[in-house]
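Summary of the model geometry
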Amino acid sequence: MLLAETLVQQHDLPDEDLRLLIDGRNEDDGRIRAFLKKEASECCARYYHEEVFLRGLIEFTNYCKNDCFYCGIRRSNPHADRYRLSFDEILSCCRQGYDLGFRTFVLQGGEDPYFTDERMEKIVSTIHAEYPDCAITLSLGERSEESYQRLFDAGADRYLLRHETASKSHYEKLHPEQMSFDNRMKCLETLRRIGYQTGCGFMVGSPYQTTADLVKDLRFLKTFQPHMVGIGPFLPQKDTPFGEMSAGSVELTLFLLSVIRLLLPKVLLPATTALGTAQSDGREEGLRSGANVIMPNLSPVGVRKKYALYDNKICTGEEAAECRGCLERRVTSAGFHIVSSRGDSLIGVE
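Before going into details, it helps to say that this report is about the structure given with it. (Residues numbered from 1 in each chain as written. Predicted model: local features only at pLDDT ≥ 70, side-chain atom pairs only at ≥ 80, totals over all residues. Heavy atoms only, no water.)

A look at helix H6 (residues 145-154)
Given 3.6 residues to a turn, an α-helix orients residues that are three or four positions apart in the same direction. The condition that has to hold: Burial classification: accessible surface area is computed with a 1.4 Å probe over protein chains only, and a residue below 20% of its type maximum counts as buried, one above 50% as exposed, and the rest as partly exposed. Only runs of H or I of at least four residues qualify as helices and only runs of E of at least two qualify as strands under DSSP, and these elements are numbered from the N terminus. This arc is built from the directions going out from the helix axis to the C-beta atoms. By the convention used here, residues are in contact when the closest approach between their heavy atoms is within 4.5 Å.
Taken as a whole, H6 has its buried residues at Ser 147, Tyr 148, Leu 151 and Ala 154. Looking straight down H6, one finds that the buried residues subtend no more than 125° of arc, so they occupy a single side. Of the residues in H6, the exposed ones pointing more than 90 degrees away from the buried face are Glu 146 and Asp 153. Contact partners of the buried residues in H6: helix H5 (117-130), strand S4 (135-139), strand S5 (158-160) and helix H8 (181-194).

See the structure below:
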């Protein structure tokens, strides 16, 4: 319990103590986990009250040039049912989301060469002009510095690029040799330098992950100071090389959400779709563990199942953005309330 109390007081621990905290989290009949969950929730409330921010997720393409071993939309998956949303379809998603009270749109897709800088620039600038009171978040993977700059100048505010793992050796076990750990980290530094509110994150329980890898992830987050951190349990997808691997632990994911909140008190921390897929009340438990963001799906109903990063992804019912009332009730039942605002990060704000 002493390590947990020190984390609460100092918002940091040496690497070896972080390892001991993770490995010993279930000792003493779960009192450590319960203590950090309570402290993380109170820490979040000090800065963000009991507010939960919505992000309208638009998954606009499931084409991808990459071949990540864990991802269902990897280039070499012949069973992926490919699609691209048109310019008009993307704008229609935004109109629907705006009417529902969303003030952040997240454009997410595979690394699809069809969406050139010119095409993305047109999409971003149009959304920015039509919805000037909204934030635009991009999640398009690795691009050049020139591309990131153009999209920022066109009106993008935030960029999400999961680092996946802060261990180079672990990264190379999850990705083909054509992909570079160093380039992934360079992209994150570039995004931060340009001026994006920058988000990163990792999978919990991904194949070959060790506690030492998780400690490296936590140290990277503390050093990099991202505006947002997205974590969720690894969930296998049957048509990938990792299709038979075991899923990551919901319990460990919730614990790490609490640790991240205490390491970075002002960070934006989503209760992810993966968490809700792995456990029916996963997102509510995520909010109780220190998260304060939910990202419902604004994509057309007909394509939601096609964006299959992992198996059994929730894509109807409460996950559907149209079911705002259902979502509101679930968030309220967890002791929080949804607000219609951009929900900017307080990282860097005194």
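Some remarks on the packing of aromatic side chains
We count it as follows: Planes of paired rings set the category: under 30 degrees apart is stacked, over 60 is edge-to-face and the rest tilted, where pairs are Phe, Tyr or Trp rings (Trp by its six-membered ring) whose centres lie within 6.5 Å.
Applying the stated rule across the entire model yields twelve aromatic pairs. Centre to centre, the rings of Tyr 48 and Phe 53 are 5.9 Å apart; their planes meet at 85°, and the pair counts as edge-to-face. Since its relative accessible area comes to 3%, Tyr 48 is described here as buried. Note on Tyr 98 and Tyr 131: the rings are 5.1 Å apart at their centroids and 35° apart in plane angle, and the pair reads as tilted.

Examining the nonpolar core
Counted only if it meets this: Residues grouped as a nonpolar core are buried Ala, Val, Leu, Ile, Met, Phe, Trp, Tyr and Cys residues, joined through side-chain atoms within 4.5 Å.
Among the nonpolar cores identified, the biggest contains 96 residues, and Leu 36, Ile 127, Leu 138, Leu 256 and Ile 260 are the most heavily contacted of them. With ten residues, helix H10 (residues 250-263) is the largest single contributor of residues to this core. Once residues lying within four places of it in the same chain are set aside, the contact partners of Leu 138 are Leu 107, Met 120, Val 124, Leu 151, Ala 156, Arg 158, Tyr 159 and Leu 160. Counting eleven residues, the second largest nonpolar core, distinct from the first, contains Tyr 48, Leu 57, Leu 160 and Val 339.

What to know about the sheet that holds S5
Note the threshold: Two strands pair under a simple rule: DSSP has to find at least two bridges between them. Each axis is a line fitted through C-alpha atoms, and for a helix only the stretch in contact is used; angles between axes span 0 to 180 degrees, taken between their N-to-C directions.
The strand order across the open sheet formed by six strands is S2-S3-S4-S5-S6-S7, and the pairing between neighbours is parallel. Two strands bound the open sheet, and with one partner strand each, they are strand S2 (56-61) and strand S7 (228-233). The sheet shows a mean angle of 20° between the axes of neighbouring strands, taken without regard to direction. Bridge count between S5 and strand S6 (residues 197-204): three bridges; the pairing is parallel. Paired with Tyr 159 across the strands is Thr 198, a residue of S6. Set on the sheet, helix H9 (residues 211-224) makes contact with S6 and S7; between it and S6 the angle comes to about 170°.

Here's the deal with the layout of surface pockets
Put simply, the rule reads: A cavity here means a set of points on a 1 Å grid, drawn over the protein atoms and nothing else, where a 1.4 Å probe fits but cannot get out; a pocket is an open set with protein on both sides within 12 Å along at least five of seven lines, and a residue lines either one if it has an atom within 4 Å of a point. Grid points are joined across faces, edges and corners, and a volume is the space filled by probe spheres set on the points. In this count, Pro and Cys sit with the nonpolar residues alongside Ala, Val, Leu, Ile, Met, Phe, Trp and Tyr, while Asp, Glu, Lys and Arg are called charged and the others, Gly among them, polar.
Approximately 270 Å³ is the volume found for the largest pocket. In this structure, the largest pocket is lined by 19 residues; those nearest its centre are Gln 237, Lys 305, Ala 308, Tyr 310 and Asp 311. The residue inventory of the lining of the largest pocket, partitioned by class, reads six nonpolar, five polar and eight charged.

Overview of unusual backbone geometry
Non-glycine residue His 11 carries a positive phi angle of around 55°. You can see His 11 is positioned in the loop between helix H1 (2-10) and helix H2 (15-23). Positioned with a positive phi, Asp 29 is a non-glycine residue whose angle comes to about 55°.

Considerations on the sheet that holds strand S8 (residues 293-294)
Strand order in this open sheet of three strands is S8-S1-S9, and the pairing throughout is parallel. Looking at the sheet topology across the chains shown, the edges are occupied by S8 and strand S9 (337-339). Those strands touched by helix H14 (residues 324-333) are strand S1 (51-54), S8 and S9, and its axis lies near 130° from that of S9.

Comments concerning the environment of Leu 3
One can find Leu 3 in helix H1. For the pair Leu 3 and Gly 286, spaced 283 residues apart in sequence, the C-alpha to C-alpha distance is 22 Å.

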